[in-house]
Amino acid sequence: MADKNQRGGLRFSTEVLETIAGIAASEVDGILSMSGGIVEGFAERLGRKNLTKGVTVELGETEVAVDLKVVVEYGRNVPEIYDQVVKNVERAITNMTGLKVVEVNMYVEGV
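All values reported here derive from a predicted model rather than from experimental measurement.

Peer 1: Even after reading the chapter, I still don't get helix α1 (residues 14-26), so can you show me in this structure?
Peer 2: Taking 1.5 Å of rise per residue, 13 residues should cover 18 Å, and α1 covers 18 Å from first to last C-alpha, within 8% of that figure. Those residues of α1 that sit buried are Thr14, Leu17, Glu18, Thr19, Ile20, Ala21, Gly22, Ala24 and Ala25. Packing partners of the buried residues in α1 comprise β2 (10-13), β3 (31-34), β4 (55-59), β5 (63-72) and α3 (78-97).

Laid out in structure tokens, this is it:
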């Protein structure tokens, strides 16, 4: 979990950015869930909700790239869902942190 300077003493952890991106992506109609693999699934069965599940960020000094692993609703237009996910993630991260989102990749791991 890396911390980076954005303005003087203001720093954001990658976990904070992953949480913001995960919530923003989950709010899009057609995204059923974030996909995090075996470890996250085990933690959820133990009753711990992981808001960073299926999200990875790469953090620079003033920029961030986001990778999302998702499960989409069957029969939905995935390119349209992707476009909305990109808008939501970019808006949420930029509004909350001031960082510029340079890339959002979405990997569909299930329907």
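Peer 1: How should the side chain of Thr19 be read in this particular structure?
Peer 2: Considering the arrangement of structural elements, one finds Thr19 in helix α1. Setting aside its immediate chain neighbours within four residues, Thr19 contacts Leu51 and Thr52.

Peer 1: What am I meant to see in the confidence of the model for the chain here?
Peer 2: Detailed reading of predicted coordinates is not advised where the pLDDT is low. Scored by pLDDT, the chain has a mean of 86; 81% of the residues are at 70 or more. Overall, residues 38-48 carries pLDDT values under 50, and its contacts beyond four positions in sequence, including any with other chains, amount to five contacts.

Peer 1: Explain the pairing of β5 here, please?
Peer 2: When a strand is regular, its side chains alternate between the sheet's two faces. In terms of burial, β5 is a largely internal element, seven of the 10 residues being buried. The pairing of β3 with β5 spans three bridges and is classified as antiparallel. Bridge assignment links Ile31 to a residue of β5, and that residue is Val72. The pairing of β4 with β5 spans five bridges and is antiparallel. Each bridged residue has a counterpart across the sheet, and for Val55 the counterpart in β5 is Leu68. Hairpin connection between β4 and β5: a loop of three residues separates the two successive antiparallel strands. One ladder, built from nine bridges, connects β5 with strand β6 (residues 100-110); its direction is parallel. Residue pairing across strands places Val70 opposite Val108, the latter belonging to β6. The handedness of the β5 to β6 crossover, carried by α3, is right-handed.

Calculation criteria
- Residues numbered from 1 in each chain as written.
- Predicted model: local features only at pLDDT ≥ 70, side-chain atom pairs only at ≥ 80, totals over all residues.
- Heavy atoms only, no water.
- Helix = DSSP H or I, 4+ residues; strand = E, 2+ residues; numbered from the N terminus.
- Expected span 1.5 Å × (residues − 1).
- Buried < 20%, exposed > 50% of the residue type's maximum accessible area, 1.4 Å probe, protein only.
- Contact = heavy atoms within 4.5 Å.
- pLDDT = per-residue confidence, 0-100.
- Pairing = 2+ DSSP bridges.
- Right-handed = clockwise from strand over helix to strand, strands pointing away.

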